[in-house]
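# Fold and contact review
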Amino acid sequence: MSGFLLALWAISAGLQMAFLAALWCCDLSRLGRDKTAPDAPEPRPAPLVSLIIPCAGRSGAMETALHSLLQQDYPSLAVLLVTHGRTDPARQLALELAAQYPHARHVEARAAEGCGQKNRNMLDALAEADPETAVYAFCDANHLAKRDFVRCLAEPIIQGREKFCTGYRRTRPLCFAPATVACHFLVWHLGLFQGLPWFTQPWGGAFAAEARAFRELGVAELWSRTVVDDVSLAGLLMRERRRVNYCPGAMLDSPLEEMSETRLNDWFFRQLFYPKFYTLSVWLLLGAALAWFAATALAGLGLVIAWIAGAGPAFPFALLALAHLASPFALRGFLRRRIAPDCPPAVWRQGVALAARTLAACFCRTVFSRVLVWRGIRYHLASDGKVERVERPDQES
């Protein structure tokens, strides 16, 4: 390896170690937080917020989460619980909750044709929403919300400071199995970048939009031909150069039960599959970052092997290569103490290793894939992300 290439590799390795140390040992999310609080608005009647919650399945945890969303302290809130299919247990649950809470309604969505089923659910709910709605809010049905969640999410829009706002979720492992720890590890990283203004995107589990801006941008028409709500909207907002405001107060609590590696891979594949079609620059940036880290690590490993064999570079380069290769193993303990202090170190190491393998494997799977299977439905996508065909289990011969 020439002196120039060695210097280039050394700079690359140093930058990667500094990045990892900053990511895992510092609170980078503070860089994106607004330190100045806005002036309090004049008291006025609270505009109507329509909260749309797609529901599927039924569990005790889901019922608890829905109660937390239905017991919000925002005074002018309409909740639409959306289900699809008369055999889905969520339908009966939605009917029970609608009878219990006067501000809640059940909406039964049609089968999706030309878009994702979740998109279809939300489109049918939007059609049933009150025309006087000032803010549309969207939330998943399986996360716990504080009583001021809707207020925190919608307030910047109500005050006229923002058009689009998003929250996120904080996972809480209920057990420490490797796949559960890997999911916790990956969600934490996604949330970290979500809090930085350069990377903030609407998250489908908790986001809100000014109703007028939502209609002007034609979001409903976009959702009628795409497979996912939030990432397709993110692509539209990027093209239109619209800002998405991150609301730390709209943080949901997401308990994580034990999960299998198959479920982990299915979930994370979707997280990487969507950007390939709707936010291509983000997908390419991630691919370039993975290639950069892999190439630097392999080059460092080659330097160490060559130095041991007596044919390598000077000792300082070999020492830097060893430090670079060892840095993730040395720093992961700091991160465990930050985000999973109760996790046994051995399980944490397994979970982090599984997360790294999952990231690499799922990204490689997305490269040539144009088919997504979600909740048993197979979606075939065109190169521009438009849903070309939807196949359901009951349609198969």
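Everything that follows concerns the structure shown earlier in this document.
First, a word on what this report is: a plain description of the structure on this page. (Residues numbered from 1 in each chain as written. Predicted model: local features only at pLDDT ≥ 70, side-chain atom pairs only at ≥ 80, totals over all residues. Heavy atoms only, no water.)

## With respect to helix α4 (residues 117–128)
How we decide: Per the convention used, a helix needs a DSSP run of H or I reaching at least four residues, while a strand needs a run of E reaching at least two, with both numbered from the N terminus. Helix span, expected: 1.5 Å multiplied by one less than the number of residues in the helix. Relative accessibility thresholds used throughout: buried, under 20% of the residue-type maximum; exposed, over 50%; partly exposed, between the two (1.4 Å probe, protein chains only).
Here α4 spans 17 Å end to end across twelve residues, near enough to the 16 Å set by a 1.5 Å rise per residue. With respect to burial, α4 is a largely interior element, ten of its twelve residues being buried. If you check which residues of α4 are buried, you get Q117, K118, N119, R120, N121, M122, L123, D124, A125 and L126.

## Points about the pairing of strand β4 (residues 135–139)
Look at any regular strand and the pattern is simple: side chains alternate between the two faces of the sheet. Operational definition: A strand pair is defined by DSSP finding two or more bridges across the two strands.
Burial analysis of β4 places five of its five residues in the buried class, which makes it a mostly covered element. Alternating positions in β4 separate into two faces, V135, A137 and C139 on one and Y136 and F138 on the other, with burial throughout. Relative to β4, strand β1 (residues 49–54) is paired through four bridges, and the arrangement is parallel. The residue bridging I52 from the neighbouring strand is F138, located in β4. Relative to strand β6 (residues 206–210), β4 is paired through five bridges, and the arrangement is antiparallel. Pairing of V135 across the sheet is with E210, part of β6.

## Brief notes about the sheet that holds β1
Cut-off, in case you're wondering: All axes here are fitted lines through C-alpha atoms, helices being fitted over the stretch that makes contact, and every angle between N-to-C directions spans 0 to 180 degrees. What makes two residues a contact is simply this: any of their non-hydrogen atoms within 4.5 Å.
Pairing in this open sheet of seven strands is mixed, and the strands run β3-β2-β1-β4-β6-β5-β7 from one edge to the other. What marks the edges here is a single partner per strand, and that holds for β3 (104–109) and β7 (245–256). When the angles between neighbouring strand axes are averaged without regard to direction, this sheet yields 20°. Against the sheet, helix α5 (residues 149–158) contacts β1, β2 (77–84), β4, β5 (164–173), β6 and β7, and its axis sits at roughly 160° relative to β7.

## Observations concerning the pattern of salt bridges
Under the convention used in this document: Any carboxyl oxygen of Asp or Glu that lies within 4 Å of a side-chain nitrogen of Lys or Arg is treated as forming a salt bridge with it.
If you walk through the whole model with that rule in mind, you get 16 salt bridges. For E108, the salt bridge is made with R86, and the minimal N-O distance between the two is 3.9 Å. Here E108 is found in strand β3, whereas its partner R86 is found in the loop between β2 and α3 (89–100), with 22 residues between them in sequence. Given the relative accessible area of 32%, E108 is considered partly exposed. Notably, a salt bridge pairs R120 with D124, separated by 3.1 Å at the nearest N-O pair. Within this pair, R120 and its partner D124 are both found in helix α4, separated by four residues, close to a single helical turn. Both residues of the pair, R120 and D124, count as buried. Residues joined by salt bridges that share partners form a network here, namely R58, E63 and E96.

## Topic: a nonpolar patch on the surface
Quick note on the threshold: What goes into a patch is any residue over 30% in relative accessible area without a salt bridge, connected to like charges within 9 Å or, for nonpolar side chains (Val, Leu, Ile, Met, Phe, Trp, Tyr), within 5 Å. All accessible-area figures derive from a Shrake-Rupley calculation using a 1.4 Å probe, and residue coverage is judged against the displayed protein chains alone.
On the surface, a nonpolar cluster with roughly 510 Å² of combined accessible area is contributed by W307, I308, F315, L319 and L322. Broken down by secondary-structure element, the contributors of at least two residues to the nonpolar patch are α11 (280–308) and α12 (315–339). With three residues, α12 is the single largest residue contributor to the nonpolar patch. Among the secondary structure elements, L322 is positioned in helix α12. Residue L322 is classed as partly exposed on the basis of its relative accessible area, which comes to 44%.

## Brief notes about unusual backbone geometry
With phi around 55°, R241 is a residue other than glycine that occupies positive phi space. Inspection of the secondary structure assignment puts R241 in the loop between α9 (230–239) and β7. In this structure, R375 is a non-glycine residue whose phi angle is positive, near 55°. Relative to the helices and strands, R375 is located in the loop between β8 (371–374) and β9 (377–381).

## Describing the packing of aromatic side chains
Given two aromatic rings, their pairing is described by the distance between the two centres and the angle made by the two planes. Counted only if it meets this: Pairing of aromatic side chains requires ring centres within 6.5 Å, counting the rings of Phe and Tyr and the six-membered ring of Trp. Pairs whose planes differ by under 30 degrees are stacked, by over 60 edge-to-face, and all others tilted. Whether a charge sits over a ring depends on NZ of Lys or CZ of Arg being within 6 Å of the ring centre and within 35 degrees of the ring normal.
Applying the stated criterion to the full structure yields 20 aromatic pairs. Where W24 meets F185, the ring centres are 5.9 Å apart and the plane angle is 75°; that geometry is what we call edge-to-face. Pair noted here: W24 is in helix α1 (residues 3–25) and F185 is in helix α6 (residues 178–194), with a separation of 161 residues, a long-range link. Neither residue differs from the other here; W24 and F185 are each classed as buried. Geometrically, the ring pair formed by F138 and F214 is stacked, given 6.0 Å between the ring centres and 25° between the ring planes. Taken as a pair, F138 in strand β4 and F214 in helix α7 (residues 211–216) lie far apart in primary sequence, 76 residues in all. Judged on exposure class, the residue F138 and its partner F214 are both buried. Through a chain of ring-to-ring contacts, the aromatic side chains of F269, F273, Y274, F277, Y278 and W374 assemble into a single cluster. For the cation-ring pair, R337 lies above F334, with the distance from its terminal atom to the ring centre recorded as 5.1 Å. Sitting over the face of the ring of F269, R365 holds its NZ or CZ atom 4.1 Å from the ring centroid.

## As for the side chain of R336
For clarity, the cut-off: Counting rule applied: Lys, Arg positive; Asp, Glu negative; His and chain ends not counted. We define a polar contact as two N or O atoms separated by no more than 3.5 Å, with the added condition that, inside protein, one atom must be a possible hydrogen donor and the other a possible acceptor, whereas residues neighbouring each other in sequence contribute only through side-chain atom pairs.
Mapped onto the secondary structure, R336 falls in helix α12. Salt bridges are absent for the buried R336, whose nearest opposite-charge side chain, D342, sits at 7.3 Å. Here the side chain of R336 touches P341 through a polar contact of 3.3 Å, landing on its backbone oxygen. Once residues lying within four places of it in the same chain are set aside, the contact partners of R336 are P341, C343, P345 and W348.

Geometry only, nothing functional implied.
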